[in-house]
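# What the coordinates show
So the chains spell out like this:
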Amino acid sequence: MLNTPTLRQWRYLVSLAENRHFGRAAEACFVTQSTLSAGIQELETQLGAALVDRTKRKVVLTPLGEELAGRARELLREAEDMVLLARAASAPLTGPLRLGVIPTISPFLLPRVLPGLRRRFPELKLFLREDLTLRLIDLLQAGKLDLLLIALPFEGGSVDTLPLFEDQFLFACRSDHPLARRNQVKLDDLAEANLLLLEDGHCLRDHALAACRLPPSPRRDGFAATSLHTLVQMVDSGLGVTLLPQLALDAGILRGTEVTTRPLATPKSGKGDSETARQIGLAWRRGTQRAKEFTLFGEALVAALRQQNPSEHDSRKT
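Along each chain, numbering runs from 1 in the same order as the chain's sequence is written. Only residues with pLDDT of at least 70 are given local features in this predicted model, and only at 80 or more are side-chain atom pairs given and counted; all residues enter the totals for whole chains, interfaces and linings. Neither water nor hydrogens contribute to the side-chain values; these are computed over all heavy atoms in the structure.

## Points about helix α6 (residues 133-141)
Buried residues are those whose accessible area, probed at 1.4 Å on protein chains only, stays under 20% of the maximum for their type, while exposed residues exceed 50% and partly exposed ones sit between those limits. Put simply, DSSP marks the helices as runs of H or I at least four residues long and the strands as runs of E at least two long, and each gets a number from the N terminus on. Those residues of α6 that sit buried are T133, L136, I137, L139 and L140. Projected down its long axis, α6 carries its buried residues within an arc of 165 degrees, all on one side. Away from the buried face of α6 by more than 90 degrees, exposed residues L134 and D138 are located. This arc is built from the directions going out from the helix axis to the C-beta atoms.

## Side note on helix α5 (residues 106-120)
The terminal C-alpha atoms of α5 lie 20 Å apart, and with 15 residues this matches the ideal 21 Å at 1.5 Å per residue to within 8%. Bend, in this description, refers to the angle at a residue between axes fitted to the seven residues ending there and the seven starting there. At V113, α5 is bent by approximately 35 degrees, the largest bend along its length, and proline P115 sits one to four residues beyond. Residues of α5 that are buried include every one of S106, F108, L109, L110, R112, V113, L114, G116 and L117, and no others. Between the first and last residue of a helix there are one fewer steps than residues, each counted as 1.5 Å, and that sum is the expected span.

## Observations concerning the nonpolar core
For this analysis, a nonpolar core means a set of buried residues of the types Ala, Val, Leu, Ile, Met, Phe, Trp, Tyr and Cys, connected via side-chain atoms within 4.5 Å. Ranked by size, the top nonpolar core spans 77 residues in total, and within it L109, L149, F165, F171, L228 and F297 carry the most contacts. The greatest single-element share of this core, amounting to 9 residues, is contributed by strand β6 (residues 159-174). Here, two residues are considered to be in contact whenever any of their heavy atoms come within 4.5 Å of each other. If near-sequence neighbours (up to four positions away) are discounted, L149 is found in contact with L99, G100, V101, I102, I105, L109, L110, L164, I280, G281, L282 and L301. Counting 21 residues, the second largest nonpolar core, distinct from the first, contains Y12, L13, V14 and A72.

## Description of the environment of A304
With respect to the element layout, A304 can be found in helix α11 (residues 291-308). Taking the C-alpha atoms as reference points, A304 and L114, 190 residues apart in sequence, are found 8.0 Å from one another. Setting aside anything within four residues of it in sequence, one finds A304 in contact with V113 and G116.

## What about the pairing of strand β3 (residues 95-101)?
Extensive coverage of β3 is indicated by the burial of 5 of its 7 residues. With 7 bridges connecting them, β3 and strand β4 (residues 124-130) associate as parallel partners. Paired with R98 across the bridge in β4 is F127. The β-α-β motif built from β3, the intervening α5 and the parallel element β4 has right-handed crossover chirality. Here the rule is simple: two strands pair whenever DSSP picks up at least two bridges between them. Judged from the 3 bridges that link them, β3 and strand β5 (residues 147-152) form a sheet pairing that is parallel. Each residue of the ladder has a partner; that of G100, found in β5, is L148. Here, the term right-handed applies to a crossover whose path from the first strand over the helix to the second runs clockwise when the strands point away from the viewer.

## Quick notes on the layout of surface pockets
Every definition here rests on a 1 Å grid over the protein atoms only: cavities are sets of points where a 1.4 Å probe fits but cannot get out, pockets are open sets enclosed by protein on both sides within 12 Å along at least five of seven lines, and lining residues have some atom within 4 Å of a point. Grid points are joined across faces, edges and corners, and a volume is the space filled by probe spheres set on the points. In this structure, the largest pocket spans a volume of roughly 550 Å³. If you go around the largest pocket, you meet 22 residues; those closest to its centre are R11, V14, L76, E80 and G143. The biggest single contributor to the lining of the largest pocket is helix α1 (residues 7-19), with 8 residues. Each residue belonging to the lining of the largest pocket can be placed in one class, and the counts come to 10 nonpolar, 3 polar and 9 charged. Here the nonpolar group is Ala, Val, Leu, Ile, Met, Phe, Trp, Tyr, Cys and Pro; Asp, Glu, Lys and Arg are the charged ones; every other residue, Gly included, is treated as polar.

Next comes the structure, spelled out in structure tokens:
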């Protein structure tokens, strides 16, 4: 039988690859620098190959070191999944869960559902990270996040997804805007309107454009917002019109403004889904052994939302 390295040794190598500094790598592993350095040397001795080129200024991994560090990340993730799977078999959704959420969902949904989730799973320790979709996907694939709460569809990443519910888009403008007199706003009207959107990088921008069948760069007079709250203030100042998701409206984002909303007039798609809505769903690494546990989390999240208002989000898509 081969004398294989320990998970601790592989963890030292991964930390060194991520930090490129023995001191910082040791801090990340909660050991002394000498302990980590000795562990790396023992790993090299066991493998009979150099993994690190040591210089006075920086740490550089050899090509073999880089390849093994990448494989070690997968190994450590699998080992962690096995422990969490065993724990979930007797008590699901206990212990730590690192959840990434996009900023067009986090402040509008989480305050409404977290109390219910805490009551149902009191032993769950939820750690939240808010960021844009692509960066969250990178963190998920790197093993720094376990689960994502995002808008679907999205591009990139080898992940599995679970749609939870639809989040409808509504047209928003000042109450004195000509389109505010309409009962519904047609998509053709938006082609000529000064449509304000979030800046590039926010998936909500792409979903809004797709929902209204607008080109990637509609007329915006050079304005783009960094958050939905900023977007509402821009509309309230008369700079243009926009599209807002129902989640944000339910959370009271228009409170204290002169902004009003109107539904968009559009037919349903052949599958019965609204063409002017985004899907809210979960995403996790493909092949993880925690898929059943994450599905349970999604079901609990939808149940907690429905408990607040049974009439909302009844069109769950699984």
